[in-house]
Amino acid sequence: MSFDQVTNNGNEGINPHAFATPSPPGITSDAVDMELLNAFEELQLGDGSDLIVELIDLYLLDAAQRVTEIREASIETEWVLLKRAAHTLRGSSGSLGVRHVAEICERLERMDGRDSPQTVADLVRLLEYESAMASASLAAVRQRRLN
Amino acid sequence: MENFRFKLKQTTPNRVLVADDDPVMRHLVTTIIKQRECEAVVANDGREAYRILQTDSQFRAAIIDMTMPFLEGLDLIRYMRSERRLMRIPIMMISAKQDIKLMTSSFSAGATAFLPKPFTSEQLQSAIRMLLGNGSSARRAA
């Protein structure tokens, strides 16, 4: 089952268990749009630093924190906090090509009173899964660039 | 002529205020600003940006995220447009909300440019180039 099938079936169709277990680091997945990420290559400052590695490091730290905030906010039904964290995570995910995470965040931002707690919980679980997938892919990219 | 050039350089601030709570965005934006040989003055949220602007107006431009903790980007723009010493600073609003209404509100509050997220490296570079260029012409016109 694809990511699109899982997220496009409406609220009832969200199935965070529809995927297999995350690929181990080093195995390419479609969690990250590499073309978009590699385009930042042209912004290199030429001071010996690697901008893409720096962006990945910042993203990995920040995304983990935002996902935790989203999970805690969903448990405590703090929708304003949940939407704010989802909004920030969507921005950085979208720009770095972490598409699935960005799409799930967008859905979390659109949640309203008509969505059941189960739907929110399912989406948060899906976000945790996709975020783990993307982090593994980004960590592999980082490792390759450092080598 | 040399004196004139020196004076012009002295009176043109080469600093850009960057206000965004997202560290990835901050890093991307500041990298491009450094490429343009400007200095980035960073604020991690709206309140921090407001505090900086209370005492410092020497900015060539400001790049502000729409949604930030403590103080929203729109409120920050309104503050900048209400203060005489900050009025001349061109402002680019960055937002992950792609909503025509929000874009309109940004421009009516006084934004010079609007960049929706997600953006490509090329879009970000062009937007910053345009903003810094606008800054120069705005100062020339003033």
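Criteria and thresholds
- Residues numbered from 1 in each chain as written.
- Chains lettered and ligands numbered in written order.
- Predicted model: local features only at pLDDT ≥ 70, side-chain atom pairs only at ≥ 80, totals over all residues.
- Helix = DSSP H or I, 4+ residues; strand = E, 2+ residues; numbered from the N terminus.
- Contact = placed C-beta atoms within 7 Å.
- Buried ≥ 20, exposed ≤ 12 C-beta atoms within 10 Å, placed from the backbone.
- Axes fitted to C-alpha atoms, helices over the stretch in contact; angles between N-to-C directions.
- Parallel < 35°, antiparallel > 145°, perpendicular 65-115°, else oblique.
- Left-handed = near helix turned anticlockwise from the far one by under 90°.
- Nonpolar A, V, L, I, M, F, W, Y, C, P; charged D, E, K, R; others polar.
- Pairing = 2+ DSSP bridges.
- Core = buried A, V, L, I, M, F, W, Y, C linked by C-beta atoms within 7 Å.
- pLDDT = per-residue confidence, 0-100.

> Explain the overall build of chain B here, please?
Looking only at helices and strands, one finds six helices and five strands in chain B. Reading the helices (α) and strands (β) of chain B from amino to carboxyl end gives α-β-α-β-α-β-α-β-α-β-α. Considering only contacts in chain B between residues 6 or more positions apart, those separated by 24 or more positions represent 62%.

> Mind showing me how you'd approach the overall build of chain A here?
When you go through chain A residue by residue, the secondary structure sums to six helices and zero strands. In sequence order, the secondary structure elements of chain A are arranged as α-α-α-α-α-α. Put simply, chain A has 147 residues, and 38% of those count as buried. Within chain A, residue pairs in contact and separated by at least 24 positions form 65% of the contacts whose partners lie at least 6 positions apart.

> Looking at this structure, how should I read the packing of helix α5 (residues 99-109) of chain A against helix α6 (residues 117-146) of chain A?
The description of two packed helices rests on the angle between their axes and on the distance between the axes. Residues and elements named next belong to chain A. As a packed pair, α5 and α6 sit with axes 9 Å apart at the nearest point and diverge in direction by 160 degrees. Considering their axes alone, α5 and α6 lie roughly antiparallel with respect to each other. As α5 packs across α6, the resulting crossing turns out to be left-handed. Residues His-100, Val-101, Ile-104, Arg-107 and Leu-108 of α5 touch α6, and the partners they reach there are Leu-123, Leu-126, Leu-127, Glu-130, Ser-131 and Ala-134.

> I keep staring at the packing of helix α3 (residues 51-75) of chain A against α6(A) and nothing clicks. Help me out?
All names here are of chain A. One way to put it is that α3 packs onto α6 with a least axis distance of 10 Å and a crossing angle of 165 degrees. Between α3 and α6, the angle is such that the two are roughly antiparallel. The two elements α3 and α6 cross, and the hand of that crossing is left-handed. On α6, the residues touching Ile-52, Val-53, Ile-56, Tyr-59, Leu-60, Ala-63, Val-67, Ile-70, Arg-71 and Ser-74 of α3 are Val-120, Ala-121, Val-124, Leu-127, Glu-128, Ser-131, Ser-135, Leu-138, Val-141, Arg-142, Arg-145 and Leu-146. Residues of the contact of α3 with α6, tallied by class, amount to 15 nonpolar, three polar and four charged.

> Got a minute to help me understand the sheet that holds strand β4 (residues 91-95) of chain B in this structure?
Backbone hydrogen bonds are what pair the strands of a sheet, in a parallel or an antiparallel way. All names here are of chain B. On the basis of which strands lie adjacent, the open sheet formed by five strands has the order β2-β1-β3-β4-β5 and parallel pairing. Each end of this open sheet is capped by a strand with a single partner; those strands are β2 (39-43) and β5 (113-116). Mean inter-strand twist for the sheet, computed between neighbouring axes without regard to direction, equals 20 degrees. Judged from the five bridges that link them, strand β1 (residues 15-19) and β2 form a sheet pairing that is parallel. Note on β2: the bridge partner recorded for Val-18 is Val-42.

> Before we go on, may I ask you to explain the environment of A:Glu103 in this structure?
Within the fold, A:Glu103 resides in helix α5. Note: C-alpha distance between A:Glu103 and A:Arg144 (41 residues apart in sequence) is 27 Å.

> So what exactly am I meant to see when it comes to the nonpolar core here?
Soluble, globular proteins show a tendency: their nonpolar side chains are buried together. By size, the foremost hydrophobic cluster in this structure holds 69 residues, and its most contacted members are A:Ile70, B:Val16, B:Ala61, B:Ala62, B:Ile63, B:Ile64 and B:Ile91. Among the elements that take part in this core, α6(A) stands out by supplying ten residues, more than any other.

> Quick question: what am I supposed to make of the confidence of the model for chain B here?
Interpretation of this model should avoid reading the predicted coordinates in detail wherever pLDDT is low. Residue and element names in this part refer to chain B. Confidence in the prediction for chain B averages 86 pLDDT; 85% of positions are at 70 or higher. Scored below 50 in pLDDT, residues 135-142 shows eight contacts in the model against residues more than four places distant or in partner chains. Quick note on the complex model: pTM equals 0.80, ipTM equals 0.76.

> Would you take a moment to explain the environment of A:Val98 for this structure?
Residues and elements named next belong to chain A. By the secondary structure assignment, Val-98 is in the loop between α4 (79-96) and α5. For Val-98, a count of 29 C-beta atoms within 10 Å puts it in the buried group. On a C-alpha basis, the gap between Val-98 and Arg-142 in space is 14 Å, while along the polypeptide they are 44 residues apart. Leave out the neighbours within four places in its chain, and Val-98 touches Ala-31, Val-32, Ser-93 and Ala-134.

> What exactly am I supposed to notice about the environment of B:Ser95 here?
Residues and elements named next belong to chain B. For Ser-95, the position within the fold is in strand β4. Along the sequence, Ser-95 and Pro-116 sit 21 residues apart, while their C-alpha atoms lie 5.0 Å from each other. When neighbours within four sequence positions are excluded, Ser-95 is seen to be in contact with Met-66, Thr-67, Leu-102, Pro-116 and Lys-117.

> In this structure, what is going on with the interface of chain A and chain B? I would like to understand it.
You'll often see interface size given as the accessible area lost when the parts meet. With 22 residues of chain A at the contact, the number on the chain B side is 18 residues. At the level of secondary structure, the elements contributing two or more residues to the side of chain A that touches chain B comprise α3 and α4 of chain A. Among the elements that line the side of chain A that touches chain B, the one with the most residues is α4(A), at nine residues. Here the side of chain A that touches chain B is built from residues that sort into eleven nonpolar, six polar and five charged.

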